[in-house]
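Fold and geometry: a report
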Amino acid sequence: TSLWNRKARLWLRGRKDILRKVAEALAENRRPVLWMHSSSLGEFEQGRILLETLRAKYPGYLVVITFFSPSGFEVRKDYKGADHVFYLPLPLRSNARRFIEAVNPSLVLWIKYDYWYNYLHELKKRNTPVLLISAIFQRNNSFFKWYGQWYKQMLHLFTWLFVQDEASERRLKVIGVKNVSVSGDTRFDRVIDIAENFQSMPEIEAFTANHPVIVAGSTWPEDEEELDHYANTHPEIRF
C-alpha cells in the first residue's frame, strides 16, 4: 500500500460524520472559543507557542484545533493544550456554515496559509476576528499574478495579517492589503521554548557520549543512502 493511499484513507475516514461529531462535542459549551487552524504538523508547531501563550493568559477560553492533513491530525489528536481536535470538514459553503455555527469562535488563528474561501467568508459575515499568523508571501504567489483577483479577495477577509518578513509586507501593500504587520517567524519562539524547557534524554546522551554528532531531518531515501554510506565509513561519528 502506498503512503498516499494510506493518507487518503485517513483523510476520508477522519472526516466521516465530522460535522455531527463537532456539533455534539460543542453542544453544551458556554465558554468563548479560540479556534486555531493549521494545514499540517509543521504549521501547528508555528502556531503552538502563540496558542499556549493565549491559553495561559485567558484560561476561560475553550480551545478548538483543526487540521486539513492527516500528518497533523494523527500526531496531535491527543494534544493536551486543546479541548477538541478535529479534521477541518471539506471546504464547501454548507460545511463552513455548519462548522462555524457549531464552534461559534470568538477568535480564529489561521496559521501561515491553507486559504479556504468559504470558511473565511463565513467568518467575515459574522464579524469574527481572524488573524493570519507567520505568513510569508513570495513574488510568484497567485496573489500577485494578473489572474489573482479572487485570491486577493481572500486576504481582505482576514482581520489582520502577521507576516514573517518586510518583503511580504511590501508585496501585500502594493496590492492594497494594509492590515498587515511584520512579526517574524513563530518557529523561532517554539525552538526557544523547547530549549528553555529541555529535559535530559539519558538514552541519547549515552549513545552520543563525547562523539561528534550529525542530526538529519526531513530526509529523502536518496539522502539516507548517502548518510548510510557515510556512517559506515565514519564509525567515530554518531548519527
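Below, the structure is looked at part by part.

Analysis parameters
- Just so you know, the residues in each chain are numbered from 1, in the order the chain's sequence is written.
- The predicted origin of the model limits local features to residues at a pLDDT of at least 70 and limits the giving and counting of side-chain atom pairs to 80 or more, whereas totals for whole chains, interfaces and linings rest on all residues.
- Note that water and hydrogens are dropped before the side-chain values are worked out from all heavy atoms of the structure.
- Whether a residue is buried, partly exposed or exposed follows from its accessible area with a 1.4 Å probe, protein chains only, as a fraction of its type maximum: under 20%, in between, or over 50%, in that order.
- Strands are runs of DSSP state E lasting at least 2 residues, helices are runs of H or I lasting at least 4, and numbering of each runs from the N terminus.
- Working definition: the arc comes from the directions between the helix axis and the C-beta atoms, pointing outward to the latter.
- Contacts were defined at the residue level, with two residues in contact if any of their heavy atoms lie within 4.5 Å.
- Two strands pair under a simple rule: DSSP has to find at least two bridges between them.
- Under this scheme, a helix contributes an axis fitted over its contacting stretch, all axes are lines through C-alpha atoms, and angles between N-to-C directions fall in the 0 to 180 degree range.
- Like charges within 9 Å and nonpolar side chains (Val, Leu, Ile, Met, Phe, Trp, Tyr) within 5 Å are joined into patches, using only residues over 30% in relative accessible area that form no salt bridge.
- The Shrake-Rupley method, run with a 1.4 Å probe sphere, supplies the accessible areas, and residue values consider only the shown protein chains as cover.
- We count a salt bridge whenever a side-chain nitrogen from Lys or Arg sits within 4 Å of a carboxyl oxygen from Asp or Glu.
- Seen with its strands pointing away from the viewer, a crossover is right-handed if its path from the first strand over the helix to the second goes clockwise.

**A word on helix α5 (residues 93-103)**
Taken together, the buried positions of α5 are Asn95, Ala96, Phe99, Ile100 and Val103. With its buried residues spanning 120° around the axis, α5 presents them on a single face. Close packing links the buried residues of α5 with α2 (18-26), β1 (33-38), β2 (62-67) and α6 (117-125). Note on α5: the residue one or two positions beyond its end, Asn104, has a positive phi of about 50°.

**Describing the environment of Tyr61**
Relative to the elements of secondary structure, Tyr61 occurs in the loop between α3 (41-57) and β2. Taking the C-alpha atoms as reference points, Tyr61 and Pro105, 44 residues apart in sequence, are found 9.9 Å from one another. Not counting residues up to four positions away in its chain, the partners in contact with Tyr61 are Arg31, Pro32, Val33, Leu34, Asp83 and Ser106.

**Quick notes on the sheet that holds β2**
Within the open sheet, the seven strands sit side by side as β3-β2-β1-β4-β5-β6-β7. Their pairing is parallel. Every other strand in the sheet has two partners, leaving β3 (84-87) and β7 (180-182) as the edge strands with one partner each. Neighbouring strand axes in the sheet, compared pairwise and without regard to direction, differ in orientation by 20° on average. Here strand β6 (residues 160-163) pairs with β7 via three bridges, running parallel.

**Regarding a nonpolar patch on the surface**
A cluster of nonpolar side chains, Trp146, Tyr147, Trp150 and Tyr151, forms an exposed patch at the surface whose accessible area comes to about 540 Å². Assignment of secondary structure puts Tyr151 in helix α7 (residues 149-155).

**Re the pairing of strand β5 (residues 130-135)**
Counting buried residues in β5 gives six out of six residues, a clear majority hidden from the surface. Here strand β4 (residues 107-111) runs beside β5; their pairing, made up of four bridges, is parallel. When the sheet's bridge partners are listed, Ile111 is paired in β5 with Ile133. In this region the chain leaves β4, passes through α6 and returns to the parallel neighbour β5; the handedness of that crossover is right-handed. Taken together, the three bridges between β5 and β6 define a ladder with parallel strand orientation. In the sheet register, Leu132 faces β6, and the bridge partner there is Leu161. Regarding the hand of the β-α-β motif, the stretch spanning β5, α7 and β6 is right-handed.

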